Amino acid sequence: MIKFNRLKVLSEDFKIIASALKKSKNLLIEVSADGLKIRRSSAKPLPENTQERREDMKSRSVYAKGFPLDATLDEIKAYLSTYGPVEMVQMRRSISEGEKNFKGSIFALFGKKEDTQKFLDSTEPYKGQELLRLLKEAYFKSKEVTRKDRKADGGKKKSEETKEDHTNNITDDDIKEKMERGMILHLNGFAADATRESIKEVFDQYGTVAWIDFVKGDSEAWVRLTGEASAQTVLDKALEAAQGKLLVNDAEIKGNVLEGDDEVAHWKKLLQVQAEVRERKKQGRGDRE
């Protein structure tokens, strides 16, 4: 007991400490006849650690922030005591260069629920400084929400960075190596009810459709072909069969073969999407391991 810093400041003489304890009005501590031993009074035993007891302490435990960094425990306790008896005050500290420094926030336990609520409802400043006041349980819940939000934002940021990495990692050499020139059709004029399947039916009979970049409701699409028949050959055959008027779901479609910068840009986008899909699959396997 005499190792406590606040007590050592007052005295390290056990006889003096024992004498003071005997004069205490709360009768919490008993001192032996020879004045050399102390114990908790049997008349005031330690409360049982029941669920009811824990809930009661939660309802009386508060968090407060905004105290000056040079505030003392006695000053803070005196301020809190204006709302009612205080059983405990814990000054929260951070460790910097081996020293424990007050953070300006505290946990405290009031003796009564009504005094706790009185403190929480108050807007009275401490030496001109406004205080943030919460139940201790509410403080920990808010910290948990903040932690989850940061984790979610971190995952989103990582995903965006990964996506950006995929874009940046696709070089001109990659595009030249992997692209099939003259194999992309750009089509527009689709009706709202057009689907990938209805687009494929028109062109698949004249060549091999590898992929259709299309979202239902959009008016344009990109059809990537593969194999021996070029996009121009497939388009010409489809137009010839339709007597120059290409229809998809009764809407007339106009089309052209991508060339030059437009073709390169589309292939770059395509390679980026493929890289992202591979990365998602890779991450999915990692999550299952």
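Before any of the text, the structure's been laid out above.
The following refers to the structure shown. (Residues numbered from 1 in each chain as written. Predicted model: local features only at pLDDT ≥ 70, side-chain atom pairs only at ≥ 80, totals over all residues. Heavy atoms only, no water.)

### What about the sheet that holds strand 8 (residues 208–213)?
Phase 1 of the analysis: An order of 8-9-7-12 is seen for the 4 strands of this open sheet, with the pairing classed as antiparallel. The sheet is open, and its two edges are formed by strand 8 and strand 12 (254–257), each paired on a single side. If you compare each strand with its neighbour and ignore which way they point, the axes differ by 25 degrees on average.
Phase 2 of the analysis: For strand 8 and strand 9 (residues 220–226), the ladder comprises 5 bridges, and the chain directions are antiparallel. Residue pairing in the sheet places Ile212 in a bridge with Val223 of strand 9.
Phase 3 of the analysis: Relative to strand 12, helix 9 (residues 231–241) is tilted by about 155 degrees, and along the sheet it contacts strand 7 (184–188), strand 9 and strand 12. (Pairing = 2+ DSSP bridges. Helix = DSSP H or I, 4+ residues; strand = E, 2+ residues; numbered from the N terminus. Axes fitted to C-alpha atoms, helices over the stretch in contact; angles between N-to-C directions. Contact = heavy atoms within 4.5 Å.)

### Remarks on the side chain of Arg60
Phase 1 of the analysis: Note on placement: Arg60 falls in helix 3 (residues 51–60).
Phase 2 of the analysis: Once residues lying within four places of it in the same chain are set aside, the contact partners of Arg60 are Arg53, Glu87, Ala108, Leu109, Phe110, Gly111, Lys112, Lys113 and Thr116.

### Re the packing of aromatic side chains
Phase 1 of the analysis: Throughout the structure, instances matching the rule amount to 12 aromatic pairs.
Phase 2 of the analysis: On the numbers, 3.9 Å between centres and 15 degrees between planes, the contact of Tyr63 with Tyr139 is stacked. Taken together, the positions of Tyr63 in strand 3 (residues 61–65) and Tyr139 in helix 6 (residues 136–169) put the pair 76 residues apart, joining distant regions of the chain. Of the two residues, Tyr63 and Tyr139, both sit in the buried class.
Phase 3 of the analysis: Connected via pairs of aromatic rings, a cluster forms that spans Phe67, Tyr79, Tyr83, Phe110, Phe119 and Tyr126.
Phase 4 of the analysis: Lying over the aromatic face of Phe119, Arg133 brings its terminal NZ or CZ to 4.6 Å of the ring centre. (Phe/Tyr/Trp six-rings, centres within 6.5 Å; stacked < 30°, edge-to-face > 60°. Buried < 20%, exposed > 50% of the residue type's maximum accessible area, 1.4 Å probe, protein only. Lys NZ or Arg CZ within 6 Å of the ring centre and 35° of its normal.)

### A closer look at the side chain of His186
Phase 1 of the analysis: Looking at the element boundaries, His186 is found in strand 7.
Phase 2 of the analysis: For His186, a relative accessible area of 16% corresponds to the buried category.
Phase 3 of the analysis: With residues near it in sequence (within four places) discarded, His186 still touches Glu220, Ala221, Trp222, Lys254, Gly255, Asn256 and Leu258.

### A closer look at the sheet that holds strand 5 (residues 99–110)
Phase 1 of the analysis: Pairing within the open sheet is antiparallel, and its 4 strands lie in the order 4-5-3-6. Unpaired on one side and paired on the other, strand 4 (86–96) and strand 6 (132–135) mark the two borders of the sheet. Neighbour-to-neighbour, the strand axes of the sheet open up by a mean angle of 30 degrees, direction not taken into account.
Phase 2 of the analysis: Across 9 bridges, strand 4 lies against strand 5 in antiparallel orientation. Note on strand 5: the bridge partner recorded for Val89 is Ala108.
Phase 3 of the analysis: Contacts from helix 5 (residues 113–121) reach strand 3, strand 5 and strand 6, with the element oriented near 145 degrees to strand 6.

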